[in-house]
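Overview (structure and organization)
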Amino acid sequence: MKELDTAFLNRDILSIDEFSKEELMHVLKTAEQFIDQRNHAHLLPGKIMATLFFEPSTRTRLSFEAAMKRLGGSVIGFSDWKDSSVMKGEDLIDTITVVDGYADVIVMRHPQDGSAALAAKHAKCPVINGGDGSNQHPTQTFLDLFTIQREHGSFDNLTVGFLGDLKYGRTVHSLATALAHFPVKMYFISPESLRMPKKLLEHLSKKAECHEAADVMEVASKLDIVYATRIQQERFQFEEDFRRVKGSYHLDKKFLANAKPNVKIMHPLPRVGEIKHEIDETPNALYFKQAHYGLPVRMALLNLVLGASR
Ligand code: NCD
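One structure accompanies this document, and this report is about it. Worth saying up front: this structure is predicted, and the values here are computed from it rather than measured. (Residues numbered from 1 in each chain as written. Predicted model: local features only at pLDDT ≥ 70, side-chain atom pairs only at ≥ 80, totals over all residues. Heavy atoms only, no water.)

**Some remarks on the site of the ligand**
Around the ligand sit Arg59, Thr60, Arg109, His137, Gln140, Arg170, Thr171, Arg230, Gln232, Pro268, Leu269 and Pro270, and that is every residue in its neighbourhood. One of the side-chain nitrogen or oxygen atoms of Arg230 is found 2.8 Å away from an oxygen atom of the ligand. Between the ligand and the protein, one listed contact pairs an oxygen atom with a side-chain N or O atom of Gln232 at 2.8 Å. Coverage of the ligand by the protein chains reaches 94% of its 320 Å² of free accessible surface. Secondary-structure elements contributing two or more residues to the shell around the ligand are α3 (59-70) and α7 (170-179). Its residues placed into classes, the shell around the ligand shows three nonpolar, five polar and four charged. (Near = heavy atom within 4 Å. Polar contact = N/O pair within 3.5 Å; in protein donor to acceptor, adjacent residues only side chain to side chain. Areas by Shrake-Rupley, 256 points an atom, 1.4 Å probe, with all protein chains shown as cover. Helix = DSSP H or I, 4+ residues; strand = E, 2+ residues; numbered from the N terminus. Nonpolar A, V, L, I, M, F, W, Y, C, P; charged D, E, K, R; others polar.)

This is the structure we're talking about:
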């Protein structure tokens with residue numbers, strides 16, 4: 001336990017594939033201690049977290065900020081790069097080098113794949129990737145795993161369907177990579193133009209049973225969990241390509257009628273029509289609970305990285 005704690009000290013969190021199965025489980029275990037959100041302000045007093053968000057965010061930024069405050073630390077940063085000196089032409093490396101001198105940990109979201117790794121190279125303090133382009137979103141994965149463990153019980157013999165924009169969806173790339181540590185089956189369900197990147201699918205197929213499908217109804221009865229995602233409109237080069245796939249899939253009561261009775265529906269949010277509101281009140285809907293689990297999970301990550309003694 002102590003050894004695993006040490007493994008996280010001052011560590012960057014850039015990509016989920018940098019974590020062993022044991023380390024993934026350690027984060028989930030640590031997060032259990034923060035499920036009750038009170039009385040943890042003695043853990044990180046005086047510590048400062050900088051949130052540098054070069055792309056829109058609601059859940060990731062706010063839950064990180066809430067997590068830091070619940071742990072007794074404080075927060076600086078910006079949620080719109082137009083409020084920063086990047087607007088004046090400053091490059092990312094200069095911004096990071098400067099903020100590194102003000103904060104104990106940096107949480108960054110940026111549209112460019114690999115930007116978090118670049119930031120980490122130039123910062124002495126740990127950098128946590130809050131999403132880099134269509135590449136990775138590791139902290140979302142920790143909270144997704146936490147949700148599955150708490151709400152489904154275990155990862156063994158799980159059949160998960162990933163639905164939607166599997167090409168650009170960084171949450172899918174991270175979660176599928178983490179799930180491949182376990183004996184799971186994965187179905188990748190998407191329009192033809194939004195299929196999983198070939199290289200990643202090949203890599204995952206070596207570790208877990210993977211299938212592709214075009215229509216969620218074809219595989220509905222097999223799934224324990226459906227992880228739906230939004231089409232990442234901002235990553236499309238041509239508006240026309242987006243319009244061709246817009247609205248091409250959704251989950252509704254008809255899907256539920258064809259699915260396992262206790263199928264769990266997850267979504268990193270925001271949704272823009274992929275899950276009809278008629279599902280919200282059913283016991284199958286997990287997405288709001290999932291978003292709320294972001295708080296204990298991010299408290300656990302900050303606590304581990306900044307090395308508070310519990
Ligand atoms: C996701 C993201 O930013 O990748 N949002 C989130 O962090 N919960 C998903 C998305 O934007 O579609």
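**Thoughts on the nonpolar core**
Membership of the largest hydrophobic core comes to 60 residues, with the highest contact counts inside it found for Phe142, Phe162, Leu179, Met186, Phe188, Met196 and Leu302. Among the elements that make up this core, the one with the highest residue count is helix α13 (residues 294-306) (nine residues). If sequence neighbours within four positions are ignored, Met186 has contacts with Val160, Phe162, Ala176, Leu179, Ala180, Ala208, Glu209, Cys210 and His211. In terms of nonpolar packing, the next biggest core, distinct from the first, is built from 28 residues, Leu163, Leu194, Val263 and Ile275 among them. (Core = buried A, V, L, I, M, F, W, Y, C linked by side-chain atoms within 4.5 Å. Buried < 20%, exposed > 50% of the residue type's maximum accessible area, 1.4 Å probe, protein only. Contact = heavy atoms within 4.5 Å.)

**Comments concerning unusual backbone geometry**
At the junction of Leu269 and Pro270, the peptide bond is cis and its omega measures out at 5 degrees in the coordinates. Structurally, Pro270 can be placed in the loop between β9 (264-266) and α12 (287-292). Here Leu269 lies in the loop between β9 and α12. A residue is classified by how much of its surface remains accessible, and Leu269, at 12% relative accessible area, is buried.

**Regarding the pairing of strand β6 (residues 184-189)**
Most of β6 is tucked away, with five of its six residues classed as buried. Pairing analysis gives six bridges linking strand β5 (residues 158-163) to β6, with the strands arranged parallel. The residue bridging Phe162 from the neighbouring strand is Phe188, located in β6. Viewed along the sheet, the connection from β5 through α7 into β6 turns out right-handed. Here β6 runs beside strand β7 (residues 209-213); their pairing, made up of five bridges, is parallel. In the strand pairing of β7, Ile189 is matched with Ala213. The parallel pair β6 and β7 is bridged by helix α8 (residues 198-207), and the resulting crossover is right-handed. (Pairing = 2+ DSSP bridges. Right-handed = clockwise from strand over helix to strand, strands pointing away.)

**Observations concerning the pattern of salt bridges**
Applying the stated criterion across every chain yields a total of 15 salt bridges. Here Arg244 makes a salt bridge to Glu240, at a shortest N to O gap of 2.7 Å. One end of the pair, Arg244, and the other, Glu240, are both in helix α10 (residues 239-245), four residues apart, so they sit about a helical turn from each other. Given a relative accessible area of 49%, Glu240 falls into the partly exposed group. The salt bridge involving Arg244 is made with Asp241; its shortest N-O contact spans 3.3 Å. Note that Arg244 and Asp241 are positioned in helix α10 at a spacing of three residues, about one turn of the helix. Through salt bridges with shared partners, a single ionic network connects Glu55, Arg170 and Arg235. (Salt bridge = Lys/Arg side-chain N within 4 Å of Asp/Glu carboxyl O.)

**Brief notes about the side chain of Ser63**
Summarising the element assignment, Ser63 is placed in helix α3. Among the residues examined, Ser63 registers a relative accessible area of 10% and is labelled buried. Looking at Ser63, its side chain comes within polar contact range of the main-chain oxygen of Arg59, at 2.6 Å. Other than its neighbours up to four places away in sequence, Ser63 contacts Thr58, Gly294, Leu295 and Arg298.

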